[in-house]
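Residue-level structural notes
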Amino acid sequence: RLAEIENRPTFNAVTLLDNIVGVQVDKQGANRTNITLRDNVDVFSTSALVMLDYRDVSQVGLSIFDSGNSNISLIDLEKVEIVRGPQAALYGPGVDAGVVHYQSKDPFKYPGTSLQVQSGGISNGGRSKMASGSNLMESVYFRHAVSNDDQTRGYKFNLRYAANGE
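A brief report on the enclosed structure follows. (Residues numbered from 1 in each chain as written. Predicted model: local features only at pLDDT ≥ 70, side-chain atom pairs only at ≥ 80, totals over all residues. Heavy atoms only, no water.)

1. Details of the sheet that holds strand β3 (residues 49-52)
For clarity, the cut-off: We call two strands paired when DSSP finds no fewer than two bridges between them. In DSSP terms, a helix is any run of H or I states spanning at least four residues, a strand is any run of E spanning at least two, and both are numbered starting from the N terminus.
Read from one edge of the open sheet, four strands run β4-β3-β6-β5, paired in mixed fashion. Strand pairing shows two members of the sheet lacking a second neighbour, β4 (55-56) and β5 (77-84), which therefore form its edges.

What follows is the structure, encoded as structure tokens:
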């Protein structure tokens with residue numbers, strides 16, 4: 001839910017799923033993660049369908065979800081639904097293990113402007129990368145949403161800058 005999402009410090013939307021029964025978050029780099037749901041685990045692929053607002057955000061044909069290159073914004077996330085097993089057939093054919101469905105904020109319910117700035121650093125031989133001026137992860141998210149007074153028209157846009165010096 002929204003309150004849990006806003007109060008959980010995380011660098012990307014996939015790590016929100018840590019410690020959820022039946023969900024395995026595979027860390028593949030500093031900011032690269034993949035999701036598997038109770039299926040045969042392979043380092044670089046998944047049979048889970050990952051969606052954002054009813055659209056597939058997995059890389060088509062590769063069976064991989066690259067969270068670092070996805071357009072899921074932490075400041076525009078309202079909730080995450082997880083459907084495991086045969087119930088995922090409601091989303092269509094070819095969904096073997098389940099569905100992870102991210103749902104973004106509606107501009108009518110959540111108007112306004114938000115900014116999120118993140119940074120990071122990983123210790124390297126006792127010396128911090130941040131101290132040497134070379135951050136391994138950094139990102140900036142910007143969200144702006146507006147609707148008219150009678151709630152008939154609205155829009156939102158998300159901008160993101162990310163760098164990863166893996």
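Resuming the write-up.
2. What to know about the environment of S47
Worth spelling out the cut-off: The cut-offs for exposure are 20% and 50% of the maximum accessible area for each residue type, with area from a 1.4 Å probe on protein chains only; residues under the lower value are buried, those over the upper are exposed, and the others partly exposed.
Checked against the element boundaries, S47 lands in the loop between β2 (33-37) and β3. Taking relative accessible area as the criterion, S47 reaches 19% and is therefore assigned buried.

3. Topic: the packing of aromatic side chains
Each aromatic ring pair is summarised here by two numbers: the centre-to-centre distance and the angle between the ring planes. Applied cut-off: Only Phe, Tyr and Trp rings take part, Trp by its six-membered ring, and two of them pair if their centres are within 6.5 Å. Stacked means planes under 30 degrees apart, edge-to-face means over 60, and tilted covers everything else. Remark: a charge is flagged as sitting over a ring if the NZ atom of Lys or the CZ atom of Arg is within 6 Å of the ring centre and within 35 degrees of the ring normal.
Following the criterion strictly, the structure yields two aromatic pairs and no others. When the centroid spacing of 6.2 Å and the interplanar angle of 45° are considered together, the rings of F142 and F157 count as tilted. Of the two residues, F142 sits in strand β10 (residues 137-147) while F157 sits in strand β11 (residues 154-164), which places them 15 residues apart along the sequence. Of the residues examined, F142 reaches a relative accessible area of 26% and is grouped as partly exposed. Pairing Y155 with F157 gives two aromatic rings, centres 6.5 Å apart and planes at 5°, and the pair type is stacked. Residue classification places F157 among the partly exposed positions, given a relative accessible area of 34%. The ring of Y110 has K105 sitting right over it, with the charged end atom 5.6 Å from the ring centre.

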